[in-house]
Amino acid sequence: DLPPGTSISLLGLQDLKPLQSFPNSTGWVLFSSSPREEPFHARVVLRESHSGVEVDVREFTLSSANPAIVPIPWPAVSTHRQPLFDLSVEADARNAGGVFLSVTPLQDRQDLIRLCKGVGVEIGPGVNPQVLTAPDVDVTYCDEMDRAEWEQAYAYKKHTWEARTSATPWHLYRKASGDALPVEDGSLDFIFASHVFEHLVNPLRHIEHWLAKLKPGGLIVAIVPHAECSVDYARPLSTLPEIIAEYDGPMRPGREHYAKFFGEKDADRRLRERRSFHAHFYTAETLGVVLSHAAAYHGLDWYQIEHRGNYQEIFFVAGKAPAS
Ligand SMILES: C[S@@+](CC[C@H](N)C(=O)[O-])C[C@H]1O[C@@H](n2cnc3c(N)ncnc32)[C@H](O)[C@@H]1O
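These numbers were taken from a predicted model, which means no experiment stands behind them.

Undergrad: Would you explain the site of the ligand in this entry?
TA: Around the ligand there are 18 residues in total, and Gly-124, Asp-143, Trp-150, Gly-178 and Ser-194 lie nearest to it. In this structure, Asn-128 approaches the ligand through a side-chain N or O atom, which is 3.1 Å from an oxygen atom. If the ligand stood free it would expose 590 Å²; the protein chains cover 88% of that surface. Each residue belonging to the shell around the ligand can be placed in one class, and the counts come to 7 nonpolar, 9 polar and 2 charged.

Right, dumping it as structure tokens:
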């Protein structure tokens, strides 16, 4: 946490081993840590170490609902040893904020998206559909909300998506929840979901539903935020017993789930707003425990998890064995 009016610096940036090759995906993650959601104003400043001259200054205003990944400004000539640069994040005098630095390479989403061939569904594309129709890809987009509902539910962070909504092919979307995909059983080659799995109550029954929709050899391909490398870091990780306990219950979030996430006081308001929230929090390890359980008891034939260092996302691919 950066208390008001303080700063944190990395001195001699190019001397820091993880930063020696240009870290294209590396960034500061900044967020307001005020319980009252007061905005956190921060400056990210790159200075020449020797002279203190500011060579790059970026200003950010962040609410806790709107954490931002701020790319590290990088000296134009990074291969030279001199001059060295210092990078600081400075909180203004009013409010505190949280800052952490991610220094692992990107996991490339295209590596996952390339696996999505044939007939499939992308669940929860929102304004960011990632599997695109192509000669060898026939994708149906299924989101639980239509455009009007989606824009209403995500109104609280409109500035992050308003530029994209007009280019989103909403007319191609089916309004359908991940627990009721509007396709025949045994008809899909793939099911893709990015930043959706952690929103799901009752993940084990979702996996069963998806397996029913897949052909033999079909794939579940998913991107899940890593709870300890994202804004979820303060939340308690979901445990397998909690997830198993949901199995006989509902598959859609109810008031109890809103209360657990937003607190008793705000639960009704957030439920009325249909505010988006995470029902579960996973690390690569705990996701592995859940998928192992699904493999042992819920028909999953195999799974693979990819997660590097402190990267903010976990990739997983899972599925049904090909017909023998
Ligand atoms: C955090 S957004 C992710 C959007 C996009 N896939 C991305 O990676 O940027 C979650 C999306 O999943 C949708 N969603 C959440 N739960 C869902 C469910 N049970 N069934 C279908 N869509 C769901 C939301 O409406 C929203 O569009």
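Let's pick the thread back up.
Undergrad: Would you mind showing me how to read helix α4 (residues 203–213) here?
TA: Residues that lie three or four places apart on an α-helix share one face, since the helix turns once every 3.6 residues. With 8 of 11 residues buried, α4 is to be regarded as a mostly interior element. Where α4 is concerned, the buried positions are Pro-203, Leu-204, His-206, Ile-207, His-209, Trp-210, Leu-211 and Lys-213.

Undergrad: Mind showing me how you'd approach the sheet that holds strand β8 (residues 118–123) here?
TA: Each strand in a sheet pairs with another by means of backbone hydrogen bonds, the pair being arranged parallel or else antiparallel. Strand order in the open sheet made by the 7 strands is β10-β9-β8-β11-β12-β14-β13, with mixed pairing throughout. Strands with a single pairing partner mark the edges of an open sheet, and in this sheet they are β10 (173–175) and β13 (302–306). Neighbour-to-neighbour, the strand axes of this sheet turn through a mean angle of 20 degrees, independent of strand direction. By the bridge criterion, 6 bridges tie strand β11 (residues 188–194) to strand β12 (residues 214–225) in an arrangement that is parallel. Residue pairing for β12: Ser-194 is matched across the bridge by Ile-223.

Undergrad: How should I be thinking about the nonpolar core in this particular structure?
TA: In this structure, Phe-197 and Phe-316 are the most contacted members of the largest nonpolar core, which totals 30 residues. Elements with a minimum of two residues in this core: β8, β11, α4, β12, α8 (284–297) and β14 (313–319). Among the elements that take part in this core, α8 stands out by supplying 5 residues, more than any other. Residue contacts for Phe-316: discarding those within four places in its chain leaves Phe-197, Ile-220, Val-221, Ala-222, Val-224, Leu-287, Leu-291, Gln-304 and Ile-305.

Undergrad: Sorry, what's going on with helix α6 (residues 255–262) here?
TA: Listed as buried for α6 are His-257, Tyr-258, Ala-259, Phe-261 and Phe-262. At the C-terminal side of α6, Gly-263 shows a positive phi close to 95 degrees.

Undergrad: Just to check I follow, could you spell out the pattern of salt bridges for this structure?
TA: Between side chains of opposite charge, a pair can form as their charged atoms come close. Evaluated as defined, the whole model comprises 21 salt bridges. Between Asp-111 and Arg-114 there is a salt bridge, and its shortest N-O distance comes to 2.5 Å. The exposure class assigned to Asp-111 is partly exposed, which follows from its relative accessible area of 35%. Between Arg-269 and Asp-266 there is a salt bridge; the shortest N-O distance is 3.1 Å. A relative accessible area of 36% means that Arg-269 is categorised as partly exposed. Since its relative accessible area comes to 18%, Asp-266 is described here as buried. By sharing partners, the salt bridges in this structure join Arg-43, Arg-47, Glu-54 and Glu-90 into a single network.

Undergrad: How should I be thinking about unusual backbone geometry in this particular structure?
TA: Trans peptide bonds make up most of the peptide bonds, and negative phi angles are found at most residues other than glycine. One non-glycine residue, Asn-202, lies in the positive phi region at around 65 degrees. On the secondary structure map, Asn-202 appears in the loop between β11 and α4.

Undergrad: I would appreciate a short explanation of the side chain of His-226 in the present structure.
TA: Relative to the assigned elements, His-226 resides in the loop between β12 and α5 (240–245). Judged by relative accessible area, which is 4%, His-226 ranks as buried. Contacts of His-226, omitting those with residues within four sequence positions, involve Tyr-282, Thr-283, Ala-284, His-307, Tyr-311, Gln-312, Glu-313 and Ile-314.

Undergrad: In this structure, what is going on with the environment of Pro-169? I would like to understand it.
TA: With respect to the secondary-structure elements, Pro-169 resides in the loop between α3 (162–165) and β10. Remark: the alpha-carbon pair of Pro-169 and Pro-129, spanning 40 residues in sequence, is separated by 8.5 Å.

Undergrad: I would appreciate a short explanation of the environment of Pro-225 in the present structure.
TA: With respect to the secondary-structure elements, Pro-225 resides in strand β12. On the basis of relative accessible area, Pro-225 is assigned to the buried category, the value being 7%. Considered as a pair, Pro-225 and Glu-198 are 27 residues apart in the sequence and their alpha carbons are 7.6 Å apart. The contact partners of Pro-225, leaving out residues within four places of it in the chain, are His-195, Glu-198, Ser-230, His-278, Tyr-282, Gln-312, Glu-313 and Ile-314.

Undergrad: Explanation requested: the side chain of His-257 in the structure shown.
TA: With respect to the secondary-structure elements, His-257 resides in helix α6. We classify His-257 as buried; its relative accessible area is 14%. In this structure the side chain of His-257 is engaged in a polar contact, spanning 2.8 Å, whose partner is the backbone nitrogen of Gly-254. Those residues in contact with His-257, other than ones at most four positions away along the chain, are Val-201, Pro-250, Arg-252 and Phe-277.

Undergrad: For this particular structure, what's the right way to read the packing of aromatic side chains?
TA: In this description, a pair of aromatic rings is defined by centroid distance and the angle of the planes. Taken as a whole and assessed by the stated rule, the structure comprises 15 aromatic pairs. Here the aromatic rings of Trp-150 and Trp-161 are separated by 5.3 Å at their centres, their planes lie at 80 degrees, and the arrangement is edge-to-face. Here the residue Trp-150 occupies a position in helix α2 (residues 147–153), and Trp-161 occupies one in the loop between α2 and α3, the gap between them amounting to 11 residues. Given a relative accessible area of 7%, Trp-150 falls into the buried group. The exposure class of Trp-161 is buried, given its relative accessible area of 3%. Ring centres of Tyr-258 and Phe-277 lie 4.6 Å apart, and the angle between their planes is 55 degrees; this geometry places the pair in the tilted category.

Cut-offs used in this document
- Residues numbered from 1 in each chain as written.
- Predicted model: local features only at pLDDT ≥ 70, side-chain atom pairs only at ≥ 80, totals over all residues.
- Heavy atoms only, no water.
- Near = heavy atom within 4 Å.
- Polar contact = N/O pair within 3.5 Å; in protein donor to acceptor, adjacent residues only side chain to side chain.
- Areas by Shrake-Rupley, 256 points an atom, 1.4 Å probe, with all protein chains shown as cover.
- Nonpolar A, V, L, I, M, F, W, Y, C, P; charged D, E, K, R; others polar.
- Buried < 20%, exposed > 50% of the residue type's maximum accessible area, 1.4 Å probe, protein only.
- Helix = DSSP H or I, 4+ residues; strand = E, 2+ residues; numbered from the N terminus.
- Pairing = 2+ DSSP bridges.
- Axes fitted to C-alpha atoms, helices over the stretch in contact; angles between N-to-C directions.
- Core = buried A, V, L, I, M, F, W, Y, C linked by side-chain atoms within 4.5 Å.
- Contact = heavy atoms within 4.5 Å.
- Salt bridge = Lys/Arg side-chain N within 4 Å of Asp/Glu carboxyl O.
- Phe/Tyr/Trp six-rings, centres within 6.5 Å; stacked < 30°, edge-to-face > 60°.

These figures capture arrangement, not role.
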